[in-house]
Amino acid sequence: ISMIHHLAQTDRARQMFIRYALRYWMGRNEELRDSRTLIQADQAYLKSNGSFNALLVSLLSSDTFLYRTSPK
């Protein structure tokens, strides 16, 4: 249990959580061009003390999401 709590506090775990949120909402894996969106989502999440709502607002209002294209 203590290991789980320790891992949950790491930057890597937070970044992976945000990356998987982007994957879910975009319906695809992240790409290099998504890096700015991921950074902004991470900053919004940190600034809001871990608010999932702030994370979603950041992702869903990003250019990456708003100007996404349909899969070929």
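Residues numbered from 1 in each chain as written. Predicted model: local features only at pLDDT ≥ 70, side-chain atom pairs only at ≥ 80, totals over all residues. Heavy atoms only, no water.

Asks: Sorry if this is basic, but what is going on with the packing of helix α2 (residues 11-26) against helix α3 (residues 35-47) here?
Replies: If you want to describe how two helices pack, look at the angle between their axes and the distance between the axes. In the contact formed by α2 and α3, the axes pass within 10 Å of each other and the chain directions differ by 120°. With respect to α3, the element α2 is oriented oblique. Judged by the sense of rotation from one axis to the other, the crossing of α2 with α3 is right-handed. Here α2 contributes Arg 14, Gln 15, Phe 17, Ile 18, Arg 19 and Leu 22 to the contact with α3, which in turn contributes Thr 37, Leu 38, Ala 41, Asp 42, Tyr 45 and Leu 46. Within the contact of α2 with α3, the residues separate by chemical class into seven nonpolar, two polar and three charged. (Axes fitted to C-alpha atoms, helices over the stretch in contact; angles between N-to-C directions. Helix = DSSP H or I, 4+ residues; strand = E, 2+ residues; numbered from the N terminus. Parallel < 35°, antiparallel > 145°, perpendicular 65-115°, else oblique. Left-handed = near helix turned anticlockwise from the far one by under 90°. Contact = heavy atoms within 4.5 Å. Nonpolar A, V, L, I, M, F, W, Y, C, P; charged D, E, K, R; others polar.)

Asks: Sorry if this is basic, but what is going on with the nonpolar core here?
Replies: Where a protein is soluble and globular, its nonpolar side chains tend to be buried together. Listed in full, the ten residues of the largest apolar core are Ile 18, Ala 21, Leu 22, Met 26, Leu 38, Ala 41, Tyr 45, Leu 55, Leu 59 and Phe 65. Taken together, the elements giving at least two residues each to this core come down to α2, α3 and α4 (52-60). The dominant element in this core, judged by the number of residues it contributes, is α2, at four residues. Setting aside its immediate chain neighbours within four residues, Met 26 contacts Thr 64, Phe 65 and Arg 68. (Core = buried A, V, L, I, M, F, W, Y, C linked by side-chain atoms within 4.5 Å. Buried < 20%, exposed > 50% of the residue type's maximum accessible area, 1.4 Å probe, protein only.)

Asks: Sorry, what's going on with unusual backbone geometry here?
Replies: Glycine aside, the phi torsion of most residues is negative, and most peptide linkages are trans. Positive phi is not limited to glycine here, since Asn 49 has a value of about 60°. Structurally, Asn 49 can be placed in the loop between α3 and α4. Looking at Asn 49, the relative accessible area reads 74%, which means it is exposed.

Asks: Just checking my understanding: could you explain the pattern of salt bridges for this structure?
Replies: Side-chain pairs of opposite charge can arise where the charged atoms are in close proximity. On inspection of all chains with the given rule, the structure shows seven salt bridges. Salt-bridge contacts for Arg 19 lead to Glu 30; the nearest nitrogen and oxygen are separated by 3.7 Å. Here Arg 19 is found in helix α2, whereas its partner Glu 30 is found in the loop between α2 and α3, with eleven residues between them in sequence. Relative accessible area serves as the criterion here: at 29%, Arg 19 is assigned to the partly exposed category. Taking the shortest distance from any N to any O, the salt bridge between Glu 30 and Arg 23 comes out at 2.5 Å. Taken together, the shared-partner salt bridges connect Asp 11, Arg 14 and Asp 42 into one network. (Salt bridge = Lys/Arg side-chain N within 4 Å of Asp/Glu carboxyl O.)

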